[in-house]
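Structure at a glance
Each chain, letter by letter, is given below.
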Amino acid sequence: MSQLQTRFFTEDKRYVVDDVPFSIPAGSEIQDLSNVINKLLEAKNASHKKVDFDFLVKGLFLRTTLSTHMETEGISTEDVVEIEYVEKITAPEPEECMMHDDWISSVHADTECKNLTSLLLTASLDHTVILWEWNSEKNKVKARHCCRGHTGSVDTVATDPTGTKFCSGSWDKMLKIWSAVPTDEADEIEEPADRPRKKQKTQQLGLTRTPIMTLSGHNEAVSSALWIDSDEVCTASWDHTIRIWDVESGIMKTTLTGSKVFNSISYSPLCRRLASGSTDRHIRLWDPRTKDGALVLLNLTSHTGWVTAVKWAPSNEHQLVSGSLDNLVKLWDTRSCKAPLYDLAAHEDKVFCADWTEGGLMLSGGADNKLYSYKYSPCQTDAGA
Amino acid sequence: MAATTSSTSSSDPSPGPEPEPESKPNRSSRKRRTEPVDNPEEELVLGSAPADAEDGDDGDSEDSEDSVYSGLEDSGSDSDDSDPESGDEDRPEETCKDEGDVALDTEVQTEKNLEPQKDEYEQDSSDEEDIRNTVGNIPMEWYADFPHIGYDLDGKKILKPIRTKDELDQFLNKMEDPDFWKTVQDKQTGQDMVLTEQQVALVNRLQKGQFGDVNFNEHEPSVDFFTHEVMIHPVTNRPSDKRSFIPSLIEKEKVSKLVHAIKMGWIKPRRTQDDSRGRYYDLWASEEQGKTRDMRMHVPAPRAALPGHEESYNPPPEYLMTDEERAVWEQQDPIDRKLPFVPRKFSCLRHVPAFERFIHERFDRCLDLYLCPRQRKMRVNVNPEDLIPKLPRPRDLQPFPTTQAMVMTYPHVSPVGFWSLFWGDDGTARFWEVSSGRCLKKVEVGGAIKSAVWNPNHNLSLVALSVGSVVLLVSPPSTAADKQVVTATERLLSDEVEPAAGEGPVVWSNAEGEELHQGIRMKIQHPKPVTQVTWHSKGDYLAAVMPDHSSHLQVLIHQVSKRRSQNPFSKNKGLVQSVAFHPIRPYFLLATQRSVRIYNLLKQELSKKLQGNAKWISSLAVHPAGDNVICGSYDCRLSWFDLDLSTKPYKTLRHHRKAVRSVAFHRSYPLFASASDDGSVIVCHGTVFSDLLQNPLIVPVKVLKGHVITHDLGVLDVTFHPSQPWVFSSGADGTIRLFT
């Protein structure tokens, strides 16, 4: 077996080795390279404990032998190969399984539990979004506002980074911006005049609120919406487009056209990319800054059913989690697009939602009435990132 | 003595060295060899001197000398007789004696005596010297009427020998003369002469094809005078002449003369042949056209079939006939027989008997050759690739459903957008959310549902179900539609219109109590079981099918707003399979077993009758633009009718292997799908162009499999999602599959 000239480097200060080229057998795999690094570190530092590493060649994770990887990626074997190594991402461990009474369609993790009370938003099939107030001490919720205006089931809500506004996307193809400030105890002006319903709602949940702005443009249901920053909203729709709206002016800025229905999108401020899950098994990465176009940066393909949820890791620019109707939750690294890092096969039925917490937990819920949380150790990669 | 010998040549063995094998007539009858036959060599050696001893006649011997001298032997003869005896033996034997002219003899004698010692003339064999008859080489018949036969050297006549022999003499001669067999007549002189032993031997040798000379060695070793090998040195070393280096003056002179003559115009260049046809031309150009064509259109005779294994004397056992086959073979008419003989097995080739059918077989072959149609088959050489119509690749025709996305266990489906409606034999209709596959509402109807359709009007939220002989109008969950839509529906249903009861067979009634709570709003009671309900695109009219062979009451059209029903057909045209409203125009399509009829509802008349070649139409779907209709049939076909084109199918697709159960058009995408009992759903791309001249483009794009065939039933129903390129299929295995 031929030898390759390699040079190892890392961003992680703890595991730096000397910058000298090594001659490595071309057929070596991750484990061999990992042993090499550990040997080097031991020689340098006697108290070193064995650590598993992952290796990146030209920004892509090494998954096969070095030679086959370089062959498939078309990297010349003549030059010295620069190999970056990072500490291996440990497998997420299932931590908790919370049983619910019914299907879990959405999960959201929030870190700001400092106050006694916090606000919740729920979107419903009955065309309304309700703003709840949750008292964590008493563990009671109280409906503060009932946001009416949609004429179809509301599929998605998202609050803006400041927490003063939220947007909702609905089956009626509309995107509406609402105020999220619950302090107005005073009524929002409702127009009861155009609703001369003789059958008034029996119990009115909270005070009725009307939208600040309605943005129309999609031809099909809006399936997912999120805030890119405080004045930009991105929506994904069943009409095969992702649109980015300027909330201030209320105009559409960009349209990204795909070929399939989008179920879910997620935006990572770290890498400034959109990830979309669609009805054809693929997770696609988009650059929202491209003006008009359908440029897909990357396809992540491993699911066998609709991808119903995608979520970028809050602290890592490479990682995202996806849930699919094939009962799997997958943890991805964009540097290894051929295969996910880990498959989390905990669910027994369709997965509908997934999220991360800042505290290092991954959450996923689905049609088996269970909300799973997985312990995930992001600390090392944080150091690397 | 000489006279006797001369006169009776037969008695005298003439030992002449001259072979006269061909017995040349013009010569040498005069040559009388008086020498003894036995030793010509000795005489040769002795020369001419002792010749008298045996002959007893000096004259003879001298005569012979003379003949030698004068070259008698070659006189008038062909050169060939001299050749074989070019040897020494010739000379002494020139002892021929000419009895015809004694005077000549004496003359010659004197001559001879003059120069007895001239040896050099012994070798001489001049041709003319010895000719005693000077007439030359002429046909001797010319002298037939004369008493003489020629002239001698002195110009005197040579008289013919007296031939008085009659037959008797000849016979006596023959009997008595032992030399008769070798006696020949010299034509030139008319004398008889007897061939010598040597001459006879010579004749014999020549007749055998041998050389005349006994001593001639025809196989002498050849001597290579000049070797065949190329030598590097010249044979002669003589230097070239000087004149070979200097130009020849004579040639120069000749050339200058020719040049001068050409200049003066005395010599003209050779005239070129005036050849207008060219040097090479089509020899058969003027030939008749038909003749050559016939030759070109040669049709070869049919070939005889090659013998097979069954004709072997020792065929493999599978070629031998069993007893039953043999019995069948014997009962068959000879024309019907597959083989004209019975294969038989022999242990070895020599046991094979004669083939008694040989004549038959040859005769049949001749008949074949004679009666075969000599007609050229026009074979069209077409590239098979060209026959395949140029269709776009399915990949370019995205989007269409490709993969199975969801499996739900329930019998039937009727999706509208966000919601899908499932119904089935267990008496419930269920409303499901498509995106999650969650059942949101369940309506108990108390009977097997045969058909369920959403109202196509977007302003109405209503579902029609057929349960037994009742058609139910059910409102879906209120969250499924906009409030305004719900109120509009409410308004439509709650309008107090007095149903025109009593007149027809149909009873309208509003649901009450528990049923109303479930969402059932209205019941339409029919006289017979309803198998299919269909909405008009406006959402007010509803057609119900009650198939019945015998009745004319098979189709009823209801108007929901007026609570009114009518029977549009007064005649029974056959078992109604399926009906459909035209999406745009006031037409009503009705599929019976064999044909599809299109009725104009305004004019109340039949406007078109589509004749598919289907045996039993199962389902019918109308393109949303209204100009095209597809029909699925139980004989595996799907027929596409272009209503503008003809009443025959524009295209018939036979992609399914079993009965086609259901067909469907997509509302917005150019897609249609067919479901079949073979467990597959085939999605086809069908673009209809607004340009009337362009035919619809039909490309099969995807075969969707997944349903399990149960009880020989595969996919029972297929429906498209109204907005997405998704297809729902419900199978006999109790599952609904969504393909996206």
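It should be emphasised that the depicted structure is a prediction, and the values quoted were computed from it without experimental measurement. (Residues numbered from 1 in each chain as written. Chains lettered and ligands numbered in written order. Predicted model: local features only at pLDDT ≥ 70, side-chain atom pairs only at ≥ 80, totals over all residues. Heavy atoms only, no water.)

Some remarks on the overall build of chain B
Basically, it comes down to this: Numbering of helices and strands runs from the N terminus, with a helix taken as a DSSP run of H or I at least four residues long and a strand as a DSSP run of E at least two residues long. Residue exposure (1.4 Å probe, protein chains only): buried if accessible area is under 20% of the type maximum, exposed if over 50%, otherwise partly exposed. Should any heavy atoms of two residues lie within 4.5 Å, those residues are counted as being in contact.
Counting secondary structure elements, chain B contains 16 helices and 33 strands. Of all 740 residues assigned to chain B, the portion counted as buried reaches 42%. Considering only intrachain contacts with a sequence separation of at least 6, the fraction spanning at least 24 residues in chain B is 53%.

A closer look at the overall build of chain A
Heads up, the rule is: Per-residue and other accessible areas were derived by the Shrake-Rupley procedure at a 1.4 Å probe size, with only the shown protein chains allowed to occlude residues.
If you tally the helices and strands in chain A, you get 3 helices and 30 strands. In chain A, the share of contacts with a sequence separation of at least 24, taken over all contacts with a separation of at least 6, comes to 50%. Accessible surface computed for chain A: about 18,300 Å², of which carbon and sulfur atoms make up 50%.

Concerning the sheet that holds strand S5 (residues 81–87) of chain A
Residue and element names in this part refer to chain A. Put simply, the rule is: Here the rule is simple: two strands pair whenever DSSP picks up at least two bridges between them. The angle between two axes is taken between their N-to-C directions and runs from 0 to 180 degrees, where each axis is a line fitted to C-alpha atoms and a helix contributes only its stretch in contact.
Reading across the sheet, the 5 strands line up as S2-S1-S5-S3-S4 and stay open at both edges, with mixed pairing between neighbours. Both outer strands of the open sheet, strand S2 (21–25) and strand S4 (60–61), are each paired with one neighbouring strand and no more. Bridge count for strand S1 (residues 3–9) against S5 is 4 bridges, and the pairing is parallel. By the bridge assignment, Thr 6 is partnered in S5 with Val 81. The strands touched by helix H1 (residues 30–44) are S1, S2, strand S3 (53–57) and S5; relative to S3, the strand with the most contacts, the crossing angle is about 110°.

With respect to the interface of chain B and chain A
To keep things clear, this is the line we draw: Throughout, the accessible surface (probe 1.4 Å) given up by two parts as they are put together, summed over both, is called the buried area. Throughout this description, a polar contact denotes any pair of N or O atoms lying within 3.5 Å of each other; where both atoms belong to protein, one of them has to be capable of donating a hydrogen while the other can accept it, and for residues adjacent in sequence the pair is counted only when both atoms sit in side chains.
Taken together, the contacts link 26 residues of chain B with 23 residues of chain A. In this assembly, chain B packs against chain A so that about 2,100 Å² is buried in total across both faces, 59% of it on carbon and sulfur atoms. Here chain B and chain A share 0 residue pairs in polar contact (both at pLDDT 80 or more) between them. Elements that contribute at least two residues to the side of chain B that touches chain A include exactly strand S5 (404–408), strand S9 (438–444) and helix H15 (483–494) of chain B.

Topic: the UniProt feature "repeat: WD" (unreviewed entry) in chain B
Residue and element names in this part refer to chain B. We apply this condition: UniProt positions are given in the numbering used here, feature names are shortened, and annotations may be inferred rather than shown by experiment.
Residues annotated in UniProt with the feature "repeat: WD" (unreviewed entry) correspond here to residues 653–683 and 708–740. Helix makes up 0% of residues 653–683 and strand 55%, whereas the separation of the span's terminal C-alpha atoms amounts to 12 Å. Structurally, residues 708–740 is divided into 0% helix and 45% strand, and its ends, taken at the C-alpha atoms, are 19 Å apart.

Brief notes about empty space enclosed by the protein
Residue and element names in this part refer to chain B. To keep it simple, the criterion reads: Cavity means a closed set of points on a 1 Å grid over the protein atoms alone, one where a 1.4 Å probe fits but cannot get out, pocket means an open set with protein on both sides within 12 Å along at least 5 of 7 lines, and lining means a residue has an atom within 4 Å of a point. Grid points are joined across faces, edges and corners, and a volume is the space filled by probe spheres set on the points. In this classification, Asp, Glu, Lys and Arg are treated as charged, Ala, Val, Leu, Ile, Met, Phe, Trp, Tyr, Cys and Pro as nonpolar, and every other residue, Gly included, as polar.
Scanning the model with the defined rule gives 4 cavities of 30 Å³ or more in all. As for the largest cavity, its lining consists of 13 residues, and the residues nearest its centre are Phe 569, Lys 571, Lys 573, Val 576 and Leu 590. Looking at the lining of the largest cavity, its residues break down into 5 nonpolar, 6 polar and 2 charged.

With respect to the UniProt feature "repeat: WD" (unreviewed entry) in chain A
Residues and elements named next belong to chain A. Those residues carrying the UniProt feature "repeat: WD" (unreviewed entry) are residues 147–179, 215–255, 264–296 and 300–336 in this numbering. Structurally, residues 147–179 is divided into 0% helix and 61% strand, and its ends, taken at the C-alpha atoms, are 10 Å apart. As annotated, residues 300–336 has a helix share of 0% and a strand share of 51%, and its two end C-alpha atoms lie 9 Å apart.

A look at a nonpolar patch on the surface
Stated formally: Candidates for patches are residues over 30% relative accessible area with no salt bridge; among them, like charges are joined within 9 Å and nonpolar side chains (Val, Leu, Ile, Met, Phe, Trp, Tyr) within 5 Å. For this analysis, a salt bridge means a side-chain nitrogen from Lys or Arg found within 4 Å of a carboxyl oxygen belonging to Asp or Glu.
On the surface, Val 223, Phe 225, Phe 226, Met 231 and Val 235 of chain B cluster together to form a nonpolar patch covering roughly 630 Å² of accessible area. Following the sequence through the fold, Met 231 of chain B ends up in the loop between helix H9 (197–207) and helix H10 (249–264).

Some words on unusual backbone geometry
A positive phi angle, near 70°, is found at His 240 of chain A, a position not held by glycine. Structurally, His 240 of chain A can be placed in the loop between strand S16 (232–237) and strand S17 (241–246). Of note in this structure, Gln 604 of chain B is not a glycine but carries a positive phi near 60°. By the element assignment, Gln 604 of chain B lies in the loop between strand S21 (595–600) and strand S22 (605–611).

What to know about the environment of Ile 283 of chain A
Residue and element names in this part refer to chain A. In this fold, Ile 283 is placed in strand S21 (residues 282–286). In this structure the C-alpha to C-alpha distance between Ile 283 and Leu 298, which are 15 residues apart in sequence, comes to 8.2 Å. Not counting the four nearest positions on each side in its chain, Ile 283 is found in contact with Ala 275, Ser 276, Leu 298, Asn 299, Leu 300, His 303, Val 307, Val 310, Leu 320, Ser 322 and Trp 332.

So, the sheet that holds strand S25 (residues 638–642) of chain B
Two orientations exist for strands paired in a sheet by backbone hydrogen bonds: parallel and antiparallel. Residue and element names in this part refer to chain B. One open sheet holds the 4 strands; their spatial order is S23-S24-S25-S26, and the pairing between them is antiparallel. Sheet topology places strand S23 (617–622) and strand S26 (649–653) at the edges, where each strand pairs with a single neighbour. If you compare each strand with its neighbour and ignore which way they point, the axes differ by 20° on average. Here 5 bridges tie S23 to strand S24 (residues 628–633), and the two strands are oriented antiparallel to one another. Of the residues in S24, the one forming a bridge with Ile 617 is Ser 633.

Digging into the nonpolar core
Let me state the cut-off plainly: What we call a nonpolar core is a set of buried Ala, Val, Leu, Ile, Met, Phe, Trp, Tyr and Cys residues that are connected through their side-chain atoms within 4.5 Å.
Ranked by internal contacts, the top residues of the largest apolar core, which has 21 residues, are Phe 8, Phe 53, Phe 55 and Tyr 85 of chain A. Among the elements of the structure, S1, H1, S3, helix H2 (66–73) and S5 of chain A are those that each provide at least two residues to this core. Here this core gets 4 residues from one element, more than from any other, and that element is H1 of chain A. Residues in contact with Phe 53 of chain A, not counting those within four places in the same chain, are Tyr 15, Ile 30, Ser 34, Ile 37, Asn 38, Leu 41, Tyr 85, Val 86, Glu 87 and Lys 88 of chain A. Grouped together as the second largest cluster of nonpolar side chains are 20 residues, Leu 492, Val 506, Ile 524 and Trp 535 of chain B included.

Description of the packing of aromatic side chains
Aromatic rings in a pair are described by how distant their centres are and how their planes are angled relative to each other. What counts, and what does not: In this analysis, rings of Phe, Tyr and Trp, with Trp reduced to its six-membered ring, are considered paired at centre separations within 6.5 Å, and the interplanar angle assigns stacked below 30 degrees, edge-to-face beyond 60, and tilted for intermediate values.
What the rule picks out here adds up to 18 aromatic pairs over all chains. Judged by centre distance (4.9 Å) and plane angle (45°), the ring pair of Trp 306 of chain A and Trp 726 of chain B falls under tilted. A residue pair is termed interchain when its members come from two chains, as with Trp 306 of chain A in the loop between strand S23 (296–301) and strand S24 (307–312) and Trp 726 of chain B in the loop between strand S31 (715–720) and strand S32 (727–731). Classification of Trp 306 of chain A as buried rests on a relative accessible area of 1%. Judged by relative accessible area, Trp 726 of chain B falls into the buried class, the value being 2%. Here Trp 616 of chain B and Tyr 634 of chain B contribute two aromatic rings whose centre-to-centre distance is 6.1 Å and whose plane-to-plane angle is 75°, an arrangement assigned as edge-to-face. Linking Trp 616 of chain B in the loop between S22 and S23 with Tyr 634 of chain B in the loop between S24 and S25, this pair joins segments that are 18 residues apart in sequence.

Some remarks on the side chain of Glu 84 of chain A
Note on placement: Glu 84 of chain A falls in strand S5. Once residues lying within four places of it in the same chain are set aside, the contact partners of Glu 84 of chain A are Phe 9, Thr 10, Glu 11, Asp 54, Phe 55 and Leu 56 of chain A.

So, H9 of chain B
All names here are of chain B. Turning to H9, its buried residues are Gln 199, Val 200, Leu 202, Val 203 and Arg 205. Along its buried surface, H9 packs onto strand S4 (192–194). Positioned one or two residues after H9, Gly 209 has a phi angle of 85°, which is positive.

What about the confidence of the model for chain A?
Residue and element names in this part refer to chain A. Rules: Residue-level confidence of the predictor, termed pLDDT, takes values from 0 up to 100.
Counting all residues, the mean pLDDT for chain A is 76, and 88% of those residues have values of 70 or more. Predicted confidence is poor over residues 186–202, with pLDDT under 50, and the contacts of this stretch with residues over four places away or in other chains come to 10 contacts. Note on residues 379–385: pLDDT under 50 across the span, and 9 contacts to partners over four residues away in sequence or across chains.

Observations regarding the pairing of S17 of chain A
Residue and element names in this part refer to chain A. The element S17 is extensively covered by neighbouring structure, given that 6 of its 6 residues are classed as buried. The alternating pattern of S17 places Thr 241, Arg 243 and Trp 245 on one face and Ile 242, Ile 244 and Asp 246 on the opposite face, and all of these are buried. The pairing of S16 with S17 spans 5 bridges and is classified as antiparallel. Paired with Val 233 across the bridge in S17 is Trp 245. As consecutive antiparallel partners, S16 and S17 are separated by 3 residues, and within that stretch His 240 has a phi angle of approximately 70°, a positive value. Here 6 bridges tie S17 to strand S18 (residues 251–257), and the two strands are oriented antiparallel to one another. Pairing of Arg 243 across the sheet is with Thr 255, part of S18.

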